[in-house]
Amino acid sequence: MMMEMYVYWTAKCEFIFESWRIYDDQPFLLFCGCFLSCLYAIIHIMYMLQGDKVQIFLKQYMSRRLGFSIYQFFLTLSSMVTMMLLMTMNGWVNLSVGIGYTIGYGITQITKSKSQYTQVDTI
């Protein structure tokens, strides 16, 4: 038996919880959900890529191991929420998360200082 999964391009969608359901006749709610998914993806990727700054901030107020553990906990929790958004199998939500990741990555790279870039050797 083969499992098949399809991406649906309709307004019908369930976000993360079963009670957060959108039906075909509610396209504005789908737009709002996609906007929030995009915003969440931006925050998630920025949190993930700026981890060293978050850990330095946490280290000021607690031990290094505890700060790293808290950072890892929230990073794992955020990754699971992102996975749940992608597993809605709604094409609009998946596209919103992808756009959010792209914007968040771009913002993170623009705000990075030039000294943190590393030269990659070509083959």
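Residues numbered from 1 in each chain as written. Predicted model: local features only at pLDDT ≥ 70, side-chain atom pairs only at ≥ 80, totals over all residues. Heavy atoms only, no water.

- The protein chain has the name Copper transporter in an unreviewed UniProt entry, where Paramecium sonneborni is given as its organism.

1. Some words on the environment of S79
Consideration 1: Structurally, S79 is set in helix α3 (residues 64–86).
Consideration 2: A relative accessible area of 31% means that S79 is categorised as partly exposed.
Consideration 3: In this structure, the C-alpha to C-alpha distance between S79 and Y23, residues 56 residues apart in sequence, is 26 Å. (Helix = DSSP H or I, 4+ residues; strand = E, 2+ residues; numbered from the N terminus. Buried < 20%, exposed > 50% of the residue type's maximum accessible area, 1.4 Å probe, protein only.)

2. Some details on the UniProt feature "transmembrane region" (unreviewed entry) in the protein chain
Consideration 1: The feature "transmembrane region" (unreviewed entry), as annotated in UniProt, sits at residues 28–49 and 70–93 in this numbering.
Consideration 2: For the annotated span residues 28–49, helix accounts for 100% and strand for 0% of the residues, and the straight-line distance between the end C-alpha atoms is 32 Å.
Consideration 3: Helix makes up 83% of residues 70–93 and strand 0%, and the two end C-alpha atoms of the span are 28 Å apart. (UniProt positions renumbered as here; feature names shortened; annotations may be inferred.)

3. Quick word on α3
Consideration 1: Taking 1.5 Å as the rise per residue, α3 with 23 residues should run 33 Å; its terminal C-alpha atoms sit 33 Å apart, in good agreement.
Consideration 2: All of the buried residues along α3 are G67, Y71, L75, S78, T82 and L85.
Consideration 3: Buried residues along α3 sit against α1 (27–49), α2 (51–61) and α4 (91–111). (Expected span 1.5 Å × (residues − 1). Contact = heavy atoms within 4.5 Å.)

4. Quick look at the packing of aromatic side chains
Consideration 1: Counted according to the given criterion, the structure contains five aromatic pairs.
Consideration 2: Here the aromatic rings of W9 and W92 are separated by 4.8 Å at their centres, their planes lie at 85°, and the arrangement is edge-to-face. Taken together, the residues W9 in the segment before β1 (13–14) and W92 in helix α4 connect sequence positions 83 residues apart. (Phe/Tyr/Trp six-rings, centres within 6.5 Å; stacked < 30°, edge-to-face > 60°.)

5. Brief notes about α4
Since the α-helix advances by 3.6 residues per turn, residues separated by three or four positions end up pointing in the same direction.
Consideration 1: The terminal C-alpha atoms of α4, which comprises 21 residues, lie 30 Å apart, in line with the 30 Å expected from a rise of 1.5 Å per residue.
Consideration 2: Turning to α4, its buried residues number three or more, namely G91, V93, S96, V97, G100, G104, T108 and Q109.
Consideration 3: Regarding α4, its N-cap is N90, as a side-chain oxygen of that residue lies 2.9 Å from the backbone nitrogen of W92 further along. (Polar contact = N/O pair within 3.5 Å; in protein donor to acceptor, adjacent residues only side chain to side chain.)

6. Structural notes on unusual backbone geometry
Consideration 1: The backbone of I16 sits at a positive phi, close to 50°, despite the residue not being glycine.
Consideration 2: Secondary-structure assignment places I16 in the loop between β1 and β2 (21–22).
Consideration 3: Among the residues examined, I16 registers a relative accessible area of 26% and is labelled partly exposed.
Consideration 4: The phi dihedral of M89 falls on the positive side, at around 60°, and the residue is not glycine.
Consideration 5: Here M89 shows up in the loop between α3 and α4.

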